[in-house]
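These are the residues of each chain, in order.
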Amino acid sequence: MSKQKLFKTKDLQKKNFSLVLSGGSSLGLAHIGTIKFIEKNNLKPSEIIGTSMGSVIGALYALGETSETIQEKIKDLKTQDLFEIKYLQGRVDYRKAKTFLKKIFQNKKMKDAKIPLKIIATKLKNGEERIFTKKDNIEIYHAVLASAAIPGILNAEKIKGEMYVDGCVSSNLPLEAARKNNIKLAINVINKKGKEYHYKNPKTSLIKNIKTKFEILRRASYYYIIKQTESKITNTKNLILIEPNLKRFNSFKLINHKKIIKSGYNETKKYFDNAEKVRHKHKRKVLSQMEKIISFPITSTKKMIKNIQKLE
């Protein structure tokens, strides 16, 4: 992978940038932390692109919500308020989640976004990426449901006669959907900083056996997503990649939302702090070289005068 150029906050104030938010279940709450940093530094993306949880957070921000109001909406949520795992039926009941999403998005459409919004889903019939925009004239609620429809766990979403599943299947970090000449500020929460999986034999317990199968399926998806994302990162220019270390958090639990959000903020701040230091160091180095060039004739002249004086 070629070394990426480092961008400062000033670069994002002068140039257009795309905010790209990955999928990652509750780990995607780290996106709120990045939005908080953006607000604090008076930055505004020219477009927002999101997959799965990234589409939920991204859509709220695109509609005019702030990091504070988004956090307010989810602060009291618990996993059981959204999902109920029916182990014996091998499915997840997510009617409460749909009710929650309908409540926060109401009947707002893609065209109602104050910042251009792109939501990523996957066509079930062929696995191709589908980018929903204002041209589709659909409700954000339906686009988000499609983008977050985890295969084998949540139902596929039907939009205008076509079935869609989670955007993570085709593009968990949708860098390719960003405008070509834009700087891409991308937050990738499914990354190699995640903890390793250690298999535990469930033995004879039926519930534990089913839980283990769910966990193995989740880990397999995790590895697939990492491989899928790596190749995109390698081939993307003008990229600001933020990868928070979230290995201590469970991607299906909301109880640590404050810590996850803080991790997103801190990792974003760390990138830009480092960019400032590196650019300043480079500038100082260039100045040092210039000083040497400028001072060379003066030094040489002084030496010449001393040598002449010695001859006299």
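Here is what the cut-offs are and how they apply
- Numbering of residues begins from 1 in every chain and follows the order in which that chain's sequence is written.
- Given that the model is predicted, a residue must reach a pLDDT of at least 70 before its local features are reported, and side-chain atom pairs must reach 80 or more before they are shown or counted; all residues, however, enter totals for whole chains, interfaces and linings.
- Hydrogen atoms and water are omitted, and side-chain values are computed over all heavy atoms in the structure.
- Helix numbering and strand numbering both begin at the N terminus, where a helix is a DSSP run of H or I of at least 4 residues and a strand a DSSP run of E of at least 2.
- For each residue, the accessible area found with a 1.4 Å probe, counting protein chains only, is set against the maximum for its type, and the residue is called buried under 20%, exposed over 50%, and partly exposed in between.
- The contact criterion used throughout is that any non-hydrogen atoms of two residues lie within 4.5 Å.
- In these tables, accessible area is a Shrake-Rupley quantity obtained with a 1.4 Å probe, and a residue counts as shielded only by the protein chains included in the view.
- Each reported salt bridge corresponds to a side-chain nitrogen of Lys or Arg within 4 Å of a carboxyl oxygen of Asp or Glu.

## Quick look at the overall build of the chain
Reasoning step 1: The helix and strand inventory of the chain stands at nine helices and ten strands.
Reasoning step 2: Relative to its 312 residues, the chain shows a buried fraction of 45%.
Reasoning step 3: Pairs at least 24 apart in sequence give 75% of the contacts found in the chain among residues at least 6 apart.
Reasoning step 4: Summed over all atoms, the accessible surface of the chain reaches about 18,200 Å², with 54% contributed by carbon and sulfur.

## Regarding helix α3 (residues 53-62)
Reasoning step 1: Among the ten residues of α3, ten are classified as buried, and the element is accordingly described as predominantly covered.
Reasoning step 2: Those residues of α3 that fall on the buried side of the exposure criterion are Met53, Gly54, Ser55, Val56, Ile57, Gly58, Ala59, Leu60, Tyr61 and Ala62.
Reasoning step 3: Remark: glycine 64 follows α3 within two positions and exhibits a positive phi of approximately 115°.

## Comments concerning unusual backbone geometry
Reasoning step 1: We note that asparagine 42 has phi near 55°; this positive angle belongs to a residue other than glycine.
Reasoning step 2: In this structure, asparagine 42 sits in the loop between α2 (30-40) and β2 (47-51).
Reasoning step 3: Asparagine 42 gets classed as exposed once you look at its relative accessible area, which sits at 67%.
Reasoning step 4: For glutamine 106, which is not glycine, the phi torsion reads 50° and is therefore positive.
Reasoning step 5: The topology assignment puts glutamine 106 in the loop between α5 (95-105) and β5 (117-123).

## Looking at the pattern of salt bridges
Here the idea is simple: oppositely charged side chains can pair when their charged atoms come close.
Reasoning step 1: All told, the structure shown has eleven salt bridges when counted by the stated rule.
Reasoning step 2: Between lysine 118 and glutamate 47 there is a salt bridge, with the nearest N and O atoms lying 3.0 Å from each other. Pair noted here: lysine 118 is in strand β5 and glutamate 47 is in strand β2, with a separation of 71 residues, a long-range link. The two residues lysine 118 and glutamate 47 agree in class, both being buried.
Reasoning step 3: Glutamate 230 is paired through a salt bridge with lysine 192; the nearest N and O atoms lie 2.7 Å apart. On the criterion of sequence distance, the pair formed by glutamate 230 in helix α8 (residues 206-234) and lysine 192 in the loop between β9 (183-187) and α8 is long-range, its members being 38 residues apart.
Reasoning step 4: Residues joined by salt bridges that share partners form a network here, namely Glu47, Lys118 and Arg179.

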